[in-house]
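Structural characterization, general
What follows is the residue order along each chain.
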Amino acid sequence: MNIPQHVAIILDGNGRWAKSKGMPRNYGHAQGSKNVERICEDAYRMGVKYLTVYAFSTENWSRPQDEVDALMKLLRNYMKTCLKTAAKNDMKVRVIGDISRLDEDIRTRIQELTEATKDNGGLNFQIAINYGSRDEILRAVRRLAGDCVEGRLAPGQIDEAVFESYLDTHDIPDPDLLIRTSGELRLSNYLLWQLAYTEFYFTDVPWPDFTKEELAKAIEHYNARDRRYGGVKEEQKEDV
Ligand code: IPE
Ligand code: IPE
Ligand code: MG
């Protein structure tokens, strides 16, 4: 089995999952957050090296304030537990997104967690918080334009590698497999640049029910894909 080096996940369906059980949406978020911890361990055991999860988008601020508050509280708690559990998977944790809009205590916890895990050599775990791909690209362009104006960079030097070095994901390889749970067939502003040649897997399973068996199924589908990157397969080269 060919294990994707980098798996990116759009964790979706917490609210609908809770509703189907007659529970409030925030209960779904709490269960979803527990599932993130489980999947980190499962992914690492399966041999995945990079895991990037979409926890809160730049558009999610438009949800009711109570729900936003509950999500922020979960993130706070998650950072705290993660500080203890990161050692288990030898996890190196990073946050992508514009964290400047988050409360100061959450930012401090993110810094602590990043610092405490930076030398770990196991799972590279990225959490996207207040992340939007268009926002990430704009922030990158602003810094890049600033460097050009100040003469540190010439416009002619800007190639893909230079541009990528300005993105939040700068030293992280592009995802091999993208998984979105709960049936929606869209990217919702996730990693638009980085997903250029990623294989997509959509499942109706809501995030709180997404188990290691579901992850194995996604990887099985990934294995059946033929990644051509615009080229042709070796055996087709003679059919021209
Ligand atoms: C995903 O679940 C979690 C976040 C976006 C924070 P949703 O909250 O989007 O759940 P649904 O899609 O409404 O069911
Ligand atoms: C995408 O899910 C964002 C996260 C999973 C954090 P949403 O549920 O917010 O996306 P839409 O609104 O269905 O596009
Ligand atoms: Mg959703």
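Residues numbered from 1 in each chain as written. Chains lettered and ligands numbered in written order. Predicted model: local features only at pLDDT ≥ 70, side-chain atom pairs only at ≥ 80, totals over all residues. Heavy atoms only, no water.

Taking an unreviewed UniProt entry as the reference, the protein is identified by name as Isoprenyl transferase belonging to Clostridium scindens. According to UniProt, the comment filed for the protein under the heading Subunit (unreviewed entry) is "Homodimer." Annotation of the protein in UniProt includes, under Sequence similarities (unreviewed entry), the sentence "Belongs to the UPP synthase family." (UniProt positions renumbered as here; feature names shortened; annotations may be inferred.)

Our focus in this paragraph is the site of ligand 2. In the region of ligand 2, the neighbouring residues are Ile10, Leu11, Asp12, Tyr54, Ala55, Phe56, Ser57, Asn60, Arg63, Arg180, Arg186 and Ser188. Take Arg63: an N or O atom from its side chain is 3.2 Å from an oxygen atom of ligand 2. One of the side-chain N or O atoms of Arg180 is found 3.4 Å from an oxygen atom in ligand 2. Relative to its unbound accessible area of 390 Å², ligand 2 is 78% covered by the protein chains. (Near = heavy atom within 4 Å. Polar contact = N/O pair within 3.5 Å; in protein donor to acceptor, adjacent residues only side chain to side chain. Areas by Shrake-Rupley, 256 points an atom, 1.4 Å probe, with all protein chains shown as cover.)

Attention now moves to the UniProt feature "active site" (unreviewed entry) in the protein. The residues that UniProt annotates with the feature "active site" (unreviewed entry) are Asp12 and Asn60. For this annotated set, covering 49 residues, all C-alpha atoms fall within 12.1 Å of each other, a compact arrangement in space. Among the secondary structure elements, Asp12 is positioned in the loop between strand E1 (6–10) and helix H1 (14–20). Owing to a relative accessible area of 15%, Asp12 belongs among the buried residues under this scheme. Relative to the helices and strands, Asn60 is located in the loop between strand E2 (50–57) and helix H3 (65–85). (Helix = DSSP H or I, 4+ residues; strand = E, 2+ residues; numbered from the N terminus. Buried < 20%, exposed > 50% of the residue type's maximum accessible area, 1.4 Å probe, protein only.)

Attention now moves to unusual backbone geometry. Its identity is not glycine, yet Ser188 carries a phi of approximately 45°, on the positive side. Even without glycine at this site, Leu191 takes up a positive phi of about 45°. Structurally, Leu191 can be placed in the loop between strand E5 (177–180) and strand E6 (199–202). A relative accessible area of 1% means that Leu191 is categorised as buried.

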